[in-house]
Amino acid sequence: MSLFLTLRVALRALIRNKVRSILTMLGIIIGIAAVIAVIAVGQGATVMIQEQIASMGDNPLIIFPGSARVGGFRFGAGTRSTLTVQDAEAIIKECPYVKAVTPIIRAGGQIIYQDKNWSSGIEGVAPSYLEVRNWNLKEGNLFTDSDVKSATKVCLLGATVAKELFDNEESVGKTIRIRNMPFRVIGVLEKKGSAAFGHDQDNTIIAPWSTVSRVLQRSSFNEVNQILASVTSIKMLEPAKKEISAILRQRHRLSQGTEDDFSITDATEITNAITSISRLMTLLLVVIASISLIVGGIGIMNIMLVSVTERTREIGLRMAVGARGKDILLQFLVEAVVLAGIGGVFGIFLGYGAAQIISNANNWPVLVSTDSILLAFVFSSVVGIFFGFYPAWRASRLNPIEALRYE
Amino acid sequence: MLITLNQITKVYQIGEVDIPALRGVTFTIDRGEFVAIMGASGSGKTTLMNILGCLDQPTSGQYSLDDTEITRLNRNELAYIRNKKIGFVFQNFNLLPRTSALENVELPLFYGNRLSSRQKYQRAIEMLTRLGLADRLEHYPSQLSGGQQQRVAIARALINQPSIILADEPTGNVDSKTGQEIMKLFQQLNQEEITIILITHEKDIADYARRLIHIKDGEIV
Ligand SMILES: Nc1ncnc2c1ncn2[C@@H]1O[C@H](COP(=O)(O)OP(=O)(O)O)[C@@H](O)[C@H]1O
Ligand SMILES: [Mg+2]
């Protein structure tokens, strides 16, 4: 019996018991859909993290005040700031591996233009900030070193802020109020796109660090939340970290044996940490998905055993007219594989749909790769073969006379 | 000789108990014969027919069919012989339910056959037409009368041009008029050189055959 005919016979048999076939497929459908959705979300998250890391700039190093403890990286400032603008200046002057560096002083607040108001973060930085972050201006100009020196009240708007306050109208040259202080807009940044976990990188305003410090924070110290440095090449990350550490230890007069009062993190560390978390999550979910596939497979096995019993006379008759054991084996095996395979295809669509919904609801990119679709299809077929084999083998071993006599 | 049976015995075992169904059956059947095997219920007719039809192996004895020693063959070789040389007609028709008459007739062609599906289809149509069922091709068995169902089963038995038709009480489930029609059909087929072995316990059915073999308690009498 040819494979094509066997396939047709299998399809007929499945269509004959539509409801039963669909219910049996359900286990596989859910299992495969779960696998597809989970892989899609996992891969989407990975790509997103990579993009976000890339959007931080070329080979970025982030220097935080306060000592690093467990885990190797930490976000946000320590309780007491130990890094200063002068530290940043010393790094670019003394460390040959660093291409550009900027201090970052963070503030936040209400931004008002005429009758519109909006809230966003304000970053006080050096003019080299855009170079460090690999970011371009869309309109206007950057502030200069002399703006920094005299703490001029000028600012650049991120794309989101520009849109919210000016709604596509010309903003350069206008004056906005940040925490009730007038700032002149001198430029607008290019859109960078939103980053991880819904954080919008374009919802920002940048201004000279001196202005943020003195005008907004009314501080006379030059303490910073972090220093962002861009290293000349990825190979230089390690030497740069060592060198910066040496420079900062010397500047902070830390004697040998005392802990660093700052921590230096490079993007690979962040990537690794996040990737290992997301890998763990994916693994966990794949285990759950596999369990549901096994349950689906057992469902197939169960229904195939029922089907073999119900069709004992048919098997006997087929044997009487010349079917060999292997013809019968193939017939039922193909039936199980078709059941699982069709379930797999439906599961792929359902998983794809679920991934889209997750993506739309969470603003979280989702990647359905052809690899994962292929994997799902192969996986469901393997489930069909594995769980369909025993019932099919039982059918093939039937004695034709007893099968024909079966009531 | 087409069929030579020599001292065929068959013993069924149910637990510890041995049930002898055939006790040394010996006879020959020539090509083109029309034989009726007669006997009371439980005399071993079906057991004999299963052995003749290569569905079962005897406990002892020799069975040669077309110069092939059947008792030495394995399951697959027996399946091949059933497919090529034997057509079965059962008392209860044994048609596949919810499957058209046409597909029921095509069934033997699925196994060990190199015909294209077009050729299979053509042959099944021809066979059903010959048996007067040209207007019932797409009917399911449940939509056919007993006589029509048995004719579909006969078409299925004939589709692979077998040398032997084995019929186990083919008229047992139809009314007497239909039974006579079926027997006339067998006579007609016999005229086309097909060997027919018929099992029955009814005298007037057996009368259609040209030779009678009586069996009693597993022995030829
Ligand atoms: N599969 C079987 N297992 C045990 N005993 C059987 C089996 N088939 C038939 N028999 C016994 O063998 C004897 C002959 O049966 P069978 O060949 O069916 O007779 P008939 O067809 O003439 O009515 C009977 O006594 C029956 O009970
Ligand atoms: Mg009987």
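Cut-offs used in this document
- Residues numbered from 1 in each chain as written.
- Chains lettered and ligands numbered in written order.
- Predicted model: local features only at pLDDT ≥ 70, side-chain atom pairs only at ≥ 80, totals over all residues.
- Heavy atoms only, no water.
- Helix = DSSP H or I, 4+ residues; strand = E, 2+ residues; numbered from the N terminus.
- Rg over C-alpha atoms; globule rule 2.2 N^0.38 Å.
- Buried < 20%, exposed > 50% of the residue type's maximum accessible area, 1.4 Å probe, protein only.
- Contact = heavy atoms within 4.5 Å.
- Areas by Shrake-Rupley, 256 points an atom, 1.4 Å probe, with all protein chains shown as cover.
- Lys, Arg positive; Asp, Glu negative; His and termini not counted.
- Charge placed at Lys NZ, Arg CZ, Asp CG, Glu CD.
- Core = buried A, V, L, I, M, F, W, Y, C linked by side-chain atoms within 4.5 Å.
- Patch = residues over 30% accessible without salt bridge, like charges linked within 9 Å, V, L, I, M, F, W, Y side chains within 5 Å.
- Salt bridge = Lys/Arg side-chain N within 4 Å of Asp/Glu carboxyl O.
- Near = heavy atom within 4 Å.
- Polar contact = N/O pair within 3.5 Å; in protein donor to acceptor, adjacent residues only side chain to side chain.
- Nonpolar A, V, L, I, M, F, W, Y, C, P; charged D, E, K, R; others polar.
- Buried area = accessible area lost by both parts, 1.4 Å probe.
- pLDDT = per-residue confidence, 0-100.
- Axes fitted to C-alpha atoms, helices over the stretch in contact; angles between N-to-C directions.
- Parallel < 35°, antiparallel > 145°, perpendicular 65-115°, else oblique.
- Left-handed = near helix turned anticlockwise from the far one by under 90°.

Visitor: Please explain the overall build of chain B as it appears in this structure.
Guide: Check the secondary structure of chain B and you find 7 helices and 10 strands. Against the compact-globule benchmark of 17 Å for 221 residues, chain B has a radius of gyration of 17 Å, which places it among compact chains. Projected onto its principal axes, the C-alpha coordinates of chain B cover approximately 50 × 40 × 35 Å. In chain B, which comprises 221 residues, the share counted as buried stands at 54%. By sequence separation, contacts in chain B at least 24 residues apart represent 71% of the contacts at least 6 residues apart. Roughly 10000 Å² of accessible area belongs to chain B as shown, and the carbon and sulfur atoms make up 46% of that amount. Of the side-chain charges in chain B, 24 are positive and 25 negative, and the distance between the mean point of each set is 4 Å.

Visitor: What am I meant to see in the side chain of Ser171 of chain A here?
Guide: Inspection of the secondary structure assignment puts Ser171 of chain A in the loop between helix 6 (159–166) and strand 6 (175–178). The residues touching Ser171 of chain A, leaving out its near neighbours within four places in the chain, are Leu157, Phe166, Val185 and Val188 of chain A.

Visitor: Would you take a moment to explain the nonpolar core for this structure?
Guide: A general trend in soluble globular proteins is that nonpolar side chains are found buried together. Core analysis: the largest hydrophobic core is formed by 75 residues, its most contacted members being Ile3, Leu5, Leu48, Leu52, Tyr63 and Leu65 of chain B. The element best represented in this core is helix 11 (residues 325–362) of chain A, accounting for 11 residues. The next biggest cluster of nonpolar side chains, apart from the first, holds 68 residues, and it includes Met56, Leu61, Ile104 and Ala229 of chain A.

Visitor: How should I be thinking about helix 10 (residues 312–320) of chain A in this particular structure?
Guide: An α-helix turns once every 3.6 residues. As a result, residues three or four positions apart point the same way. All names here are of chain A. Of all the 9 residues making up helix 10, 8 are buried; the element is thus mostly covered by neighbouring parts of the structure. For helix 10, every residue scored as buried is listed here: Thr312, Glu314, Ile315, Gly316, Leu317, Arg318, Met319 and Ala320. Phi for Gly322, located one or two positions after helix 10, is positive at around 120°.

Visitor: What exactly am I supposed to notice about a nonpolar patch on the surface here?
Guide: Residues and elements named next belong to chain A. Together, Ile277, Met281, Leu284, Leu285 and Ile288 line one region of the surface with nonpolar side chains, adding up to about 490 Å² of accessible area. When you line up the elements, Leu285 lands in helix 9 (residues 267–310). Classification of Leu285 as partly exposed rests on a relative accessible area of 34%.

Visitor: It is not clear to me how the site of ligand 1 should be interpreted in this structure. Could you clarify?
Guide: All residues in the neighbourhood of ligand 1 are listed as Arg405 of chain A together with Tyr12, Ile14, Ala21, Ala40, Ser41, Gly42, Ser43, Gly44, Lys45, Thr46 and Thr47 of chain B. Between ligand 1 and Thr47 of chain B there is a distance of 2.5 Å, counted from an oxygen atom to a side-chain nitrogen or oxygen. Here ligand 1 has 550 Å² of accessible area as a free molecule, and 71% of this is covered by the chains. Secondary-structure elements contributing two or more residues to the shell around ligand 1 are strand 1 (3–14) and helix 1 (45–52) of chain B. With 3 residues, helix 1 of chain B is the single largest residue contributor to the shell around ligand 1. Taken together, the residues that form the shell around ligand 1 break down as 4 nonpolar, 6 polar and 2 charged.

Visitor: Would you explain the interface of chain B and chain A in this entry?
Guide: When the parts of a complex come together, some accessible area is lost, and that lost area is often used as the size of the interface. Across the contact, 24 residues belong to chain B and 24 residues belong to chain A. In total, chain B and chain A occlude about 2300 Å² of area from one another, counting both sides; carbon and sulfur atoms represent 56% of this. A per-residue breakdown of the area chain B buries against chain A is headed by Arg75, Phe110 and Tyr111 of chain B, which together make up 30% of the total. Counting across the chain B and chain A interface gives 1 salt bridge. A salt bridge links Arg12 of chain A to Glu103 of chain B; its shortest N-O distance comes to 2.3 Å. Counting every contact that joins chain B to chain A gives 8 residue pairs in polar contact (both at pLDDT 80 or more).

Visitor: Explain the confidence of the model for chain A here, please?
Guide: Reading fine detail from the predicted coordinates is not recommended where pLDDT is low. Within chain A, residue pLDDT values average 86, and 94% of them lie at 70 or more. Low confidence marks residues 69–79 of chain A, where pLDDT is under 50. Its contacts with residues over four positions away, or in another chain, come to 15 contacts.

Visitor: Is there a simple way to explain the packing of helix 3 (residues 85–94) of chain A against helix 8 (residues 237–251) of chain A in this structure?
Guide: What describes two packed helices is the angle between their axes and the distance between those same axes. All names here are of chain A. The contact between helix 3 and helix 8 brings their axes to 10 Å, and the two run at 135°. For the element pair helix 3 / helix 8, the angle class is oblique. For the pair helix 3 and helix 8, the sense of crossing is right-handed. Here helix 3 contributes Gln86, Asp87, Ala90, Ile91 and Glu94 to the contact with helix 8, which in turn contributes Glu243, Ile244, Ile247, Leu248 and Arg251. Class assignment for the residues of the contact of helix 3 with helix 8 results in 5 nonpolar, 1 polar and 4 charged.

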